[in-house]
Amino acid sequence: MSSDSREMWAELGLNMGKHDELLSILGKIYPEIYHKQNNRPKSMTYFDFVISEIHGLRVKELIDHKNKGGKVFGTFCLYVPDEIINALNGISIGLCAGTDFSIPDAETVLPRNLCALIKSFYGFKSAKICPYFEVADVVIGETTCDGKTKTYELLGNIHPVYVIEIPHRKNEESFKLWRKEIDKFIEKAEHITGEKLSLENLRNAVKMNNNKRLTLQRMNSLRWNIPTPISGKDALLINQVAFYDDVIRFTDSVSKVADELEERVTKKEGTFPTDAVRLMTSGTPYAIPNWKLHHVVETSGYPVVAEESCVGSRYFSELVNENADSLDELIDNIAKRYFNIHCACFTPNDERLDDIVDLYKKSKAKGIINYTLNFCTPYLVESQKIKERMNKEGIPFLNLESDYGMGDVEQLATRIQAFV
Ligand code: BJ8
């Protein structure tokens, strides 16, 4: 990292000692996990560069955006509508939440038996080790799981927070509540940015985000070929970077990866042998830099070919209907698209079971690893329903629970090998 970046972090008030330590850990694990892979697509160079500058250039871009009058919105959940933020000259950033490095700081305030993702993000803020957090004008929280809902109350004491209420049932009354929540969010976002939503700026933002999701669909569906032309780890990295890179540049870079993968498919060139046992995952999100499960699975010799996850199919499988004659109609279309995300925070959530079966068939996987972060009640309990459905469908299924620590890596590898 350049000395300019160090100056920038100091100005943001980061805890420089801890931040250096974090970057040094990342600097060691990334080459180990990523560079040692077989036959990576050349177009992944862009994503290697993004990681090498993870707290540098992108943070600088956000500061430049703010200096020109724009705003930055930090988020932790798929239910926060990016289109509205972008239409109002805001940038939406998925904040750091994927490492145990920040967890000891969080545990001075939060209970230990809470999901790692929540503790990780709280620790990033309380210990001042995430430049994105310090750049964010506001964090947009949501009432999804109880852990996040209550943590946003505490977070509100140390950072500006606005919480969107997420209904938990998929019926007409809940949709009406959701639509009102979107209106309230628009009002808040207009107030923060000083901009006004119009049919034109919202339509542009919808198009831009649809394009991004379509490109992710294209890249991810190329993984379904045999042999798979890209490792699950590389695909995961792309799906993670989606949350904080510039939308247009990111879309362009993913498109280049997809072009290269198409060529590989034509030549039957893969990253794993044609007869390698293909696996897909379902479950809780993989916030960057949580590469643990994919690393364990793929170093055991099995390519991961799809993820039913918020860092995966739940993020890109649905688009916003662009056909709307009025602003109100377009907002309605956005509300519908987001209401149709099948998170376990909804009850019942049986559409998710269909999604998993559908992705399993399309990806030509041979088994599903259902991965849940420890203490995530909604996904842990829903695992039972998934198991019952997969048993009925005759789909091999393995339930794994883990956190961000590396202590269980060998045990995970043994269980995965036994499953295969
Ligand atoms: S739409 S999955 S991003 S809520 S893993 S913090 S649920 S205890 S992250 Fe999520 Fe939105 Fe749903 Fe997706 Fe709570 Fe579970 Fe932790 Fe979770």
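Preceding this section is the structure that the text describes.
Note that the structure is a prediction, hence the values are computed from the model and not measured. (Residues numbered from 1 in each chain as written. Predicted model: local features only at pLDDT ≥ 70, side-chain atom pairs only at ≥ 80, totals over all residues. Heavy atoms only, no water.)

### Quick look at the sheet that holds strand β4 (residues 161–164)
Here's step 1: With respect to topology, four strands assemble into an open sheet ordered β2-β1-β3-β4, the strand pairing being parallel. Only two strands of the sheet have a single partner each, and these edge strands are β2 (90–94) and β4. Pairwise comparison of adjacent strand axes, ignoring direction, gives a mean angle of 30 degrees for this sheet.
Here's step 2: With four bridges connecting them, strand β3 (residues 138–142) and β4 associate as parallel partners. Directly across from glycine 141, in β4, lies its bridge partner valine 163.
Here's step 3: Its contacts with the sheet put helix α9 (residues 146–155) on β3 and β4, and the angle it makes with β3 is roughly 155 degrees.
Here's step 4: Its contacts with the sheet put helix α10 (residues 172–193) on β1 (71–75), β3 and β4, and the angle it makes with β4 is roughly 160 degrees. (Pairing = 2+ DSSP bridges. Helix = DSSP H or I, 4+ residues; strand = E, 2+ residues; numbered from the N terminus. Axes fitted to C-alpha atoms, helices over the stretch in contact; angles between N-to-C directions. Contact = heavy atoms within 4.5 Å.)

### A closer look at the packing of aromatic side chains
Here's step 1: Scanning the model with the defined rule gives 16 aromatic pairs in all.
Here's step 2: Aromatic pair phenylalanine 243 and tyrosine 315: ring centres 4.6 Å apart, planes at 40 degrees, arrangement tilted. Of the two residues, phenylalanine 243 is situated in the loop between α12 (232–241) and α13 (247–266) and tyrosine 315 in helix α15 (residues 313–316); the sequence distance between them amounts to 72 residues.
Here's step 3: Among the aromatic residues, those joined into a ring-pair cluster are Tyr79, Phe175, Trp178, Phe339 and Phe346.
Here's step 4: A cation over an aromatic ring shows up here: arginine 337 above the ring of tyrosine 338, its NZ or CZ 4.5 Å from the ring centre. (Phe/Tyr/Trp six-rings, centres within 6.5 Å; stacked < 30°, edge-to-face > 60°. Lys NZ or Arg CZ within 6 Å of the ring centre and 35° of its normal.)

### A closer look at the nonpolar core
Among soluble globular proteins, nonpolar side chains are generally buried collectively.
Here's step 1: In this structure, Trp178, Leu237, Ile238 and Ile416 are the most contacted members of the largest nonpolar core, which totals 126 residues.
Here's step 2: Here this core takes seven residues from α10, the largest share from any one element.
Here's step 3: Contacts of tryptophan 178, omitting those with residues within four sequence positions, involve Tyr79, Ile164, Glu165, Ile166, Pro167, Ala335, Tyr338 and Phe339.
Here's step 4: Grouped together as the second largest cluster of nonpolar side chains are 14 residues, Ala306, Leu353, Val357 and Ile368 included. (Core = buried A, V, L, I, M, F, W, Y, C linked by side-chain atoms within 4.5 Å. Buried < 20%, exposed > 50% of the residue type's maximum accessible area, 1.4 Å probe, protein only.)

### What about the site of the ligand?
Here's step 1: Contacts to the ligand come from 16 residues, most closely from Cys77, Cys145, Cys310, Cys343 and Cys376.
Here's step 2: The residue inventory of the shell around the ligand, partitioned by class, reads 13 nonpolar, two polar and one charged. (Near = heavy atom within 4 Å. Nonpolar A, V, L, I, M, F, W, Y, C, P; charged D, E, K, R; others polar.)

### Side note on the pairing of strand β6 (residues 304–308)
A regular strand places its side chains so that they alternate between the two faces of the sheet.
Here's step 1: Among the five residues that make up β6, five are buried, leaving the element largely enclosed by the rest of the structure.
Here's step 2: Of the strand pairs in this sheet, strand β5 (residues 279–283) and β6 are connected by four bridges, and their pairing is parallel. When the bridges of β6 are listed, leucine 279 appears paired with valine 304.
Here's step 3: One crossover worth recording links β5 to the parallel β6 by way of helix α14 (residues 292–299), and it is right-handed. (Right-handed = clockwise from strand over helix to strand, strands pointing away.)

### Let's talk about the pairing of β4
Here's step 1: Residues of β4 alternate between two faces, with Tyr162 and Ile164 buried on one and Val161 and Val163 left unburied on the opposite face.
Here's step 2: Taking the sense of rotation as the criterion, the β-α-β connection linking β3, α9 and β4 turns out right-handed.

### Side note on α12
Here's step 1: Extensive coverage of α12 is indicated by the burial of ten of its ten residues.
Here's step 2: Here α12 has its buried residues at Gly232, Lys233, Asp234, Ala235, Leu236, Leu237, Ile238, Asn239, Gln240 and Val241.

### Regarding the sheet that holds strand β7 (residues 367–373)
Think of a sheet as strands paired side by side through backbone hydrogen bonds, with each pair either parallel or antiparallel.
Here's step 1: Read across the sheet, four strands follow the order β6-β5-β7-β8 without closing on themselves; strand pairing throughout is parallel. With partners counted over all chains shown, the strands left at the sheet margins are β6 and β8 (397–402), one partner each. The mean inter-strand angle of the sheet, taken between neighbouring strand axes irrespective of direction, is 25 degrees.

Limitation: the analysis is restricted to geometry and does not speak to function.
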